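Descriptive analysis of the structure
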Amino acid sequence: MKVFFSRALISSLLLSGFLLICVDRGVSQNLAIESDTTDKVVRIVRFVGNDNVKGNTLETLIRTQTNREFLGIPRFTPWYFIWQLTNSWGEPPSYLNRATVANDIERIKQYYKTIGFLEASVDTNIVEFKEDRVEVSFLIDEGPAFTIKTLAYTGLPEFKEPEKINRFLNKSPLTAKQLNDSTFTVNEQYSENQLNVERNRLINFLKNNGYAAVQRDSVNLLVKRDTTKPNQLDALFTINPGKKYRFGDLYISLSGPGDSLRYNQTDTLRQSPFTINNKSIFLKKGESTQTKFELLTNQVLFKPGDIFNQSLYIRTVNEFQNLGMLNIRQFGLSKDGSLPDYSKKEIPVMFSLQTLPKHSINLNLFGMRRYGFGSGAGVTYTNNNLFGKAENFQIGVNGSFEYVRSETVRDIASEADSSSQSFDGRFFQSFETRIEYSLPRLIFPFSSLDDNLFFSNGRTRYSLSFTRSDQLLFDINSDIRFNLRYEVQHNQRYSSFLDLIELDLLDTDPSPEFREALRNRFGKDSFQLRQIEEDFRPQVSSILRYTFRSQRTDLIKRDHGYFSEYSIASGGNIPYLTDRLVVTPDTLEGNLPAIFPGSQNSLAYSRFVKGTADYRRYIPLSNNAVLGYRGFLGVALPYGESTSVPLNQRFYAGGANDIRGWDIYSLGPGSISLDDVTINGGQIKLLSQIELRQQIIGNFLSADWIVAWFTDAGNVWYGPRTKLPSSSSNTNGQNTSDNDLQELVDNGKFKFNNFYNQIAVGSGLGLRLDWEYVIIRLDFAFRIHDLQRGWFEDRSPYLTFGIGHSF
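Below you will find a few notes about this structure. (Residues numbered from 1 in each chain as written. Predicted model: local features only at pLDDT ≥ 70, side-chain atom pairs only at ≥ 80, totals over all residues. Heavy atoms only, no water.)

Observations concerning a nonpolar patch on the surface
As a reminder, the rule being used: Patches were defined on residues exceeding 30% relative accessible area and lacking a salt bridge, with like-charge contacts within 9 Å and nonpolar side-chain contacts (Val, Leu, Ile, Met, Phe, Trp, Tyr) within 5 Å. Each accessible area value is a Shrake-Rupley result obtained with a 1.4 Å probe; residue values ignore everything except the protein chains displayed when judging cover. A pair is scored as a salt bridge if a Lys or Arg side-chain nitrogen falls within 4 Å of a carboxyl oxygen belonging to Asp or Glu. Only DSSP runs of H or I reaching four residues or more are called helices, and only runs of E reaching two or more are called strands; each is numbered from the N terminus. We call a residue buried when its accessible area falls under 20% of the maximum for its residue type, exposed when it is over 50%, and partly exposed in between, using a 1.4 Å probe and counting protein chains only.
Residues Ile361, Leu363, Leu365, Val379, Val397 and Phe431 make up a contiguous nonpolar surface patch of roughly 600 Å² in combined accessible area. Within the secondary structure, leucine 365 sits in strand β15 (residues 359–369). Accessibility expressed as a relative area gives 68% for leucine 365, which makes it exposed.

Right under this line is the structure:
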């Protein structure tokens with residue numbers, strides 16, 4: 001066995017202090033000069049003495065690496081073994097480079113200093129435990145952790161509001177008890193990260209209060225040791241804010257999509273409410289822009305002549321970007337977009353904008369196969385600046401037809417015992433038209449919130465659609481949907497969605513043959529027959545819903561951070577109030593009269609409340625491994641006279657993005673099997689998912705290849721008010737008694753003393769191909785707990801395919 005010691009080890013024999021630092025740095029430099037890549041393969045990298053820092057964290061700092069380890073298993077490097085066998089495929093060996101090791105020492109020491117271990121020392125021990133195979137050990141002496149005892153500020157300017165600075169300093173995440181006007185206790189471990197955050201907070205505060213010329217070197221940090229307690233530090237921010245500035249004149253130019261920088265319309269705005277202190281807004285635009293000057297000025301969140309505010313300036317840039325009908329060619333703090341001139345007291349602002357093409361038409365053709373073969377076409381017209389204030393208008397029309405052969409018609413009709421019917425081939429067609437109108441601002445009753453910076457990035461959307469579809473044995477006469485939605489992107493992290501009105505009017509016409517086919521298939525007065533008749537009857541539904549979303553992750557990669565979404569909704573209020581106050585005042589009918597021309601169908605409705613909570617977390621385990629987990633809870637409960645929830649508001653289980661191992665919509669409710677219930681939505685849902693992802697091949701076919709192990713568990717259940725749907729038949733002959741059917745319903749209800757026995761569990765392995773903007777996913781799942789067969793009784797693999805990560 002050969003043992004190699006770095007020359008840095010010699011420095012530990014010398015005296016401490018300045019001499020030690022000089023010798024250590026000199027040795028590191030000599031090592032870097034003398035070293036070179038060797039023919040020795042690094043098989044093990046370990047850290048010794050890192051009591052306060054995880055090894056995974058240190059691994060991300062250094063460049064001395066072993067070959068990639070599968071699932072983090074030490075020395076299990078299958079891609080390197082493949083290379084040894086083929087000398088061409090797989091991953092070539094990771095050779096020892098002494099210069100890299102020396103640089104790694106400095107990286108580790110520097111990192112320890114940033115988290116408060118200012119006297120940390122690092123050495124290496126390189127052992128050749130096998131011919132041309134080495135273990136690299138980083139020997140760390142962390143030393144004591146230094147703490148910041150007090151933090152003081154000097155040089156902050158004075159403001160007219162005497163408490164302004166005091167409020168700002170007290171909001172610091174570092175400061176605790178205030179000792180005097182500018183000194184605070186901290187008593188936290190020294191952290192360069194936190195100190196840099198505080199430095200940036202000071203810079204932003206000054207820039208947002210007129211001190212536009214402040215840079216990083218305007219705020220410096222001085223640190224000294226406490227003479228009585230050597231491991232404690234006193235910190236002082238010294239601040240040189242410079243001069244105070246105001247916004248100067250504002251210059252906004254807007255050119256058309258095909259224009260050069262030629263403008264034939266100009267305007268100048270002075271005085272309140274647009275400017276103060278005799279400053280001006282100079283506007284100019286090209287003829288083809290078809291945009292009102294008012295739209296441009298409404299996006300400006302500051303007033304020329306007012307105290308300079310960097311935040312309002314940047315938010316104004318975002319406001320222009322969010323209009324969606326223009327591009328920003330250039331912007332800056334000068335009249336021509338050049339560097340700011342801080343020699344004057346006022347800073348002019350310039351925005352050079354260009355509109356996108358106003359009109360566009362999209363045509364698409366598609367094929368389809370359901371009962372037969374068919375085809376369809378759609379056309380969508382878009383106007384992204386309808387009335388000159390960035391209103392987006394879309395109108396689309398889709399149509400399709402399907403030819404069903406006589407044999408198919410005969411087979412389906414035979415289920416209804418319709419021997420007298422003709423079985424000729426038939427054409428079936430569907431038609432859909434939709435209109436969407438959106439504005440880049442909030443309107444009544446929330447228009448006043450546009451002046452609030454937390455709501456300034458808002459959008460209002462109206463959508464209306466009409467669908468008619470002729471199908472085999474079942475027609476949708478009319479399906480009309482209307483939605484009024486308010487959207488707000490509060491910041492990069494938070495967003496809100498309010499569906500103030502979501503209304504759906506559905507008029508269906510099941511043929512007698514369709515009803516007969518259901519009776520023959522499921523049995524007269526069966527549970528499935530009653531459920532289908534109730535779910536597909538003519539009905540009207542409405543919902544009022546608020547959704548809050550918080551995220552700190554890449555929505556494609558999902559390899560760090562978190563994603564969460566919470567919603568609360570109330571349904572059925574509009575038809576209920578119409579029934580109670582308009583149709584039959586003071587009398588509750590439980591349905592609305594027919595409102596579609598030529599239809600005699602009354603419209604049923606349900607009242608319900610609904611809430612969901614969805615949380616997902618992604619934890620990096622190493623540079624190439626991620627652990628993700630998800631928890632979901634959903635509850636939708638009817639109230640009043642209602643005992644059910646509309647089909648499109650229920651929860652479902654199974655599928656590629658849910659509990660893998662079961663087809664979509666095929667699981668539950670409770671322990672009810674798919675043989676007993678075809679349409680299985682529930683009113684309560686629990687879902688838990690965990691997935692471990694490990695990259696095995698990088699940049700092969702331009703994609704990262706990732707293997708995953710996953711486990712999904714959950715189910716859906718009926719709510720406590722779910723009842724057996726009433727039968728539309730007046731006959732006494734029944735295949736199953738109502739008591740037996742009610743028992744089936746009870747098996748699907750959520751019960752605290754039994755729900756855990758009805759949790760389905762699926763697990764398996766998967767492969768992901770990760771390109772930059774899309775992820776292809778293939779999963780092989782096994783049913784660990786099948787609700788009909790039991791634990792580990794179903795050994796069949798279930799293949800699922802998806803786009804993107806499952807969660």
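We are not done yet, so read on.
Structural notes on the nonpolar core
Put simply, the test is: Definition used in this section: a nonpolar core is a set of buried Ala, Val, Leu, Ile, Met, Phe, Trp, Tyr and Cys residues joined via side-chain atoms within 4.5 Å. Contacts: residue pairs with any heavy atoms within 4.5 Å of one another.
Core analysis: the largest hydrophobic core is formed by 28 residues, its most contacted members being Leu250, Ile252, Phe302, Phe320, Val349, Phe351 and Leu353. Sorting the residues of this core by element identifies β10 (246–255), β12 (280–285), α7 (293–298), α8 (310–321) and β14 (346–355) as the ones contributing at least two each. Residues in contact with phenylalanine 351, not counting those within four places in the same chain, are Leu250, Tyr251, Ile252, Ser253, Phe302, Tyr313, Thr316, Val317, Phe320, Gln330 and Phe331. Tyr153, Tyr190, Leu195 and Phe205 belong to the second-largest nonpolar core, a separate cluster that totals 25 residues.

Concerning the packing of aromatic side chains
What counts, and what does not: Within 6.5 Å between ring centres, the rings of Phe, Tyr and Trp (the latter by its six-membered ring) count as paired, and their orientation is classed by plane angle as stacked under 30 degrees, edge-to-face over 60, tilted in between. Geometrically, a lysine NZ or arginine CZ counts as sitting over a ring once it is within 6 Å of the ring centre and also within 35 degrees of the ring normal.
Taken as a whole and judged by the stated rule, the model has 31 aromatic pairs. With centroids separated by 5.6 Å and ring planes inclined at 20°, the aromatic side chains of phenylalanine 47 and phenylalanine 138 adopt a geometry described as stacked. Linking phenylalanine 47 in strand β2 (residues 37–48) with phenylalanine 138 in strand β5 (residues 133–141), this pair joins segments that are 91 residues apart in sequence. Taking the relative accessible area as the measure of exposure, phenylalanine 138 reaches 0% and is therefore buried. Ring centres of tyrosine 111 and tyrosine 112 lie 6.4 Å apart, and the angle between their planes is 75°; on these two criteria the pair is classed as edge-to-face. Residue tyrosine 111 is classed as partly exposed on the basis of its relative accessible area of 24%. An aromatic cluster of at least three residues, connected via ring pairs, comprises Trp717, Phe750, Phe752, Phe755 and Tyr756. Between lysine 164 and the ring centre of phenylalanine 159, over which it is positioned, the NZ or CZ distance is 5.2 Å. One residue, arginine 660, lies across the ring of phenylalanine 710, its end atom 3.9 Å from the ring centre.

Focus on the pairing of β5
Test applied: By the convention used here, strands pair only if DSSP detects at least 2 bridges between them.
In terms of strand pairing, strand β4 (residues 121–130) meets β5 through 9 bridges, oriented antiparallel. When the sheet's bridge partners are listed, threonine 124 is paired in β5 with phenylalanine 138. Hairpin geometry of β4 and β5 is characterised by an intervening segment of 2 residues between the two adjacent antiparallel strands and by a positive phi of about 60° at aspartate 132.

Some thoughts on the sheet that holds β14
To keep things clear, this is the line we draw: The axes used here are C-alpha line fits, helices contributing only the stretch in contact, and every angle between their N-to-C directions lies in the interval 0 to 180 degrees.
Strand order in the open sheet made by the 5 strands is β11-β12-β10-β14-β13, with mixed pairing throughout. Single-partner strands in this sheet number two, and they are β11 (265–270) and β13 (326–332). Between one strand and the next, the sheet's axes are offset by a mean angle of 15°, whatever the strand orientation. Judged from the 6 bridges that link them, β13 and β14 form a sheet pairing that is antiparallel. Bridge pairing in β14 links glutamine 330 to serine 352.

Regarding the side chain of asparagine 383
The cut-off we apply is this: Definition of a polar contact: a pair of N or O atoms within 3.5 Å, with one able to donate and the other able to accept a hydrogen when the atoms are protein atoms, and with sequence-neighbouring residues admitted only if both atoms are side-chain atoms.
Its place among the elements puts asparagine 383 in strand β16 (residues 373–383). In terms of polar contacts, asparagine 383 uses its side chain to reach the backbone amide nitrogen of asparagine 385, at 3.0 Å. Dropping the residues within four chain positions of it, asparagine 383 is found in contact with Lys358, His359, Glu391, Asn392 and Phe393.

Concerning helix α11 (residues 527–535)
Most of α11 is tucked away: 8 of the 9 residues are buried. Among the residues making up α11, those that are buried are Phe527, Gln528, Leu529, Arg530, Gln531, Ile532, Glu533 and Asp535.

Comments concerning the side chain of lysine 279
On the secondary structure map, lysine 279 appears in the loop between β11 and β12. Side-chain polar atoms of lysine 279 contact the side chain of glutamate 346, separated by 2.8 Å. With residues near it in sequence (within four places) discarded, lysine 279 still touches Phe247, Gly248, Asp249, Leu269, Arg270, Gln271, Pro304, Gly305 and Glu346.

Some words on unusual backbone geometry
Across the junction of phenylalanine 444 and proline 445, the peptide omega takes the value 10°, indicating a cis bond. Omega for the bond connecting glycine 668 with proline 669 falls within 30 degrees of zero, at -5°, which places this linkage in the cis form. With respect to the element layout, proline 669 can be found in the loop between β27 (625–638) and β28 (684–700). Phi angles above zero are rare outside glycine, and leucine 701 is one such case at about 60°. Turning to its location among the elements, leucine 701 is positioned in the loop between β28 and β29 (703–717). Here the phi dihedral of serine 702 falls at roughly 65°; this positive angle occurs in a residue that is not glycine. Summarising the element assignment, serine 702 is placed in the loop between β28 and β29.

Description of the pattern of salt bridges
Inspection of the entire model under this criterion finds 36 salt bridges. Here arginine 441 ties to glutamate 391 by a salt bridge, and the two come within 3.6 Å at their closest N and O atoms. Linking arginine 441 in the loop between β18 (426–439) and β19 (458–471) with glutamate 391 in the loop between β16 and β17 (392–404), this pair joins segments that are 50 residues apart in sequence. Judged by its relative accessible area of 4%, glutamate 391 falls in the buried class. Several salt bridges converge on common partners, so that one network encompasses Glu436, Arg461, Arg485, Glu487, Asp499, Glu502 and Arg545.

Here we look at the sheet that holds strand β7 (residues 183–189)
Within a sheet, neighbouring strands are paired by backbone hydrogen bonds and run either parallel or antiparallel to one another. Taken in spatial order, the 4 strands make up an open sheet running β7-β6-β9-β8, and their pairing is mixed. Edge positions in the sheet fall to β7 and β8 (219–225), since each has one partner strand and no second. On average, each strand axis in the sheet is tilted by 25° relative to the strand beside it, whichever way the strands run. Two elements, β8 and strand β9 (residues 232–239), share 7 bridges in a ladder whose sense is antiparallel.

Considering helix α12 (residues 573–583)
Using the following cut-off: In this description, the arc belongs to the directions extending from the helix axis to the C-beta atoms.
For α12, the complete set of buried residues consists of Pro575, Tyr576 and Asp579. Taken around the axis of α12, the buried residues stretch over an arc of 105°, which confines them to a single face. For α12, the exposed residues set more than 90 degrees away from the buried face come down to Leu581 and Val582. In this structure, the buried residues of α12 make contact with β22 (539–552) and β24 (591–592).

A closer look at the environment of aspartate 234
Along the chain, aspartate 234 falls in strand β9. The buried category is assigned to aspartate 234, whose relative accessible area is 18%. A sequence separation of 86 residues divides aspartate 234 from isoleucine 148, and the C-alpha atoms of the two residues are 5.9 Å apart. Setting aside residues up to four positions removed in sequence, aspartate 234 forms contacts with Lys149, Thr150, Leu222, Val223, Lys224 and Asp226. There is a polar contact of 2.7 Å between the side chain of aspartate 234 and the side chain of threonine 150.

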